[in-house]
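Descriptive analysis of the structure
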Amino acid sequence: MLLKILFALSLLTVAAAIDDPQKQKDKSTKLPPCKACSVLVESFNLGLEKTKRGKHAGGDAAWEQEKLRSYKNSEVRFVEIQEQLCAEVKRGQDHCHTLSNEHETLLEDWFTHKQEEEPDLHSWLCIKELTVCCPPETFGPNCQPCVDCNSNGKCKGNGTRKGNGQCLCDKGYAGANCNDCDEQHYESFRDSTKLLCTQCHAACGDGGCNGGGPKSCRKCKDGWRMDTESGCVDINECVEQHRACKAQKFCVNNEGSFSCLDCDRSCDGCDGDGPDMCLNCADGYNRQDGKCVVEDIQSDETETTEREEL
Ligand SMILES: *[C@@H]1O[C@H](CO)[C@@H](O)[C@H](O)[C@H]1NC(C)=O
């Protein structure tokens, strides 16, 4: 009986793992070379951190210190780190495991002999030994310096052996060094170290603007027109373009355009939403207190009766 339950439980676990395709996909993701090495190093550093105090928490007696010192580069600690390596990694866990197996010797060599002289495992393993990464702000096979992106963009290949070192500017910025504003942005601040680009007003069309607000547009976007006083102003299509909507629809103006919405079913044409906005009543409806309502046979009869009484 117990065995049966255990079997059912294990099936459930397997089913749950298969049931989450996103998790499975993340786990088997293949990472680019520098990223993969960085993930492995991050996980190894986490292992170093977790085993920092050894198994003997506290205690500052000299012999405890000595024990900890020998533990620092010990096989025991290496195995402890190795056992948990890549366990917390979500994206590219499989790749992390493959890489850690492939380079176990290198990791052990660093752990046993190089921890002191080369304290940065990432630099030693990913940049020097495996030559898959570069120092920050450099790129490509020989780790050339990146183009200066003035903190308004990212260098393509930054910190890896790939890319071309050119800038990928942040939104709103343009130019090889991201030191200009793009067409739909204007310079709201510039000094020798900082440039701030701010988006033009929503009413501005091609050509952008030379400042904030609708008065600074060079041209107005469709649905807006230039007014000498106020700059670009919204065109109320519902008023300015008569019959903007087809029959059985009414017009609603919004910034830069307009929409046509369905009239109430009780209407034959309307000026707005609801049975009180009808131009005429639809077949089968009559006007009552300003609203179009379903024709009521009963009330017709009442009217007849009243007339007879008169
Ligand atoms: C390059 O990467 C480093 C981190 O590795 C980051 O701090 C820096 O901002 C990046 N620079 C560019 C220009 O992308």
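Residues numbered from 1 in each chain as written. Predicted model: local features only at pLDDT ≥ 70, side-chain atom pairs only at ≥ 80, totals over all residues.

- The chain is annotated in an unreviewed UniProt entry as Cysteine-rich with EGF-like domain protein 2 isoform X2 from Drosophila albomicans.
- The heading Sequence similarities (unreviewed entry) in the UniProt record of the chain holds the text "Belongs to the CRELD family." (UniProt positions renumbered as here; feature names shortened; annotations may be inferred.)

1. Quick look at the UniProt feature "domain: Laminin EGF-like" (unreviewed entry) in the chain
- On the UniProt side, "domain: Laminin EGF-like" (unreviewed entry) is annotated at positions that read residues 167–200 here.
- Between the end C-alpha atoms of residues 167–200 there is a gap of 23 Å, over a span that is 0% helix and 53% strand. (Helix = DSSP H or I, 4+ residues; strand = E, 2+ residues; numbered from the N terminus.)

2. Section: the packing of helix α3 (residues 33–50) against helix α8 (residues 121–129)
- Where α3 contacts α8, the two axes come as close as 10 Å, and the packing angle between them is 155°. In terms of orientation, α3 and α8 fall into the roughly antiparallel class. Seen from above, α3 lies across α8 with right-handed handedness. Mapping the contact onto sequence places C34, C37, S38, V41, F44 and N45 in α3 and L121, H122, L125 and C126 in α8.
- Classifying every residue of the contact of α3 with α8 gives seven nonpolar, three polar and no charged. (Axes fitted to C-alpha atoms, helices over the stretch in contact; angles between N-to-C directions. Parallel < 35°, antiparallel > 145°, perpendicular 65-115°, else oblique. Left-handed = near helix turned anticlockwise from the far one by under 90°. Contact = placed C-beta atoms within 7 Å. Nonpolar A, V, L, I, M, F, W, Y, C, P; charged D, E, K, R; others polar.)

3. Considering the site of the ligand
- Every residue near the ligand is listed here: P136, E137, C146, C149, K154, C155, N158 and G159.
- For the shell around the ligand, the residue count by class is four nonpolar, two polar and two charged. (Near = placed C-beta within 6 Å.)

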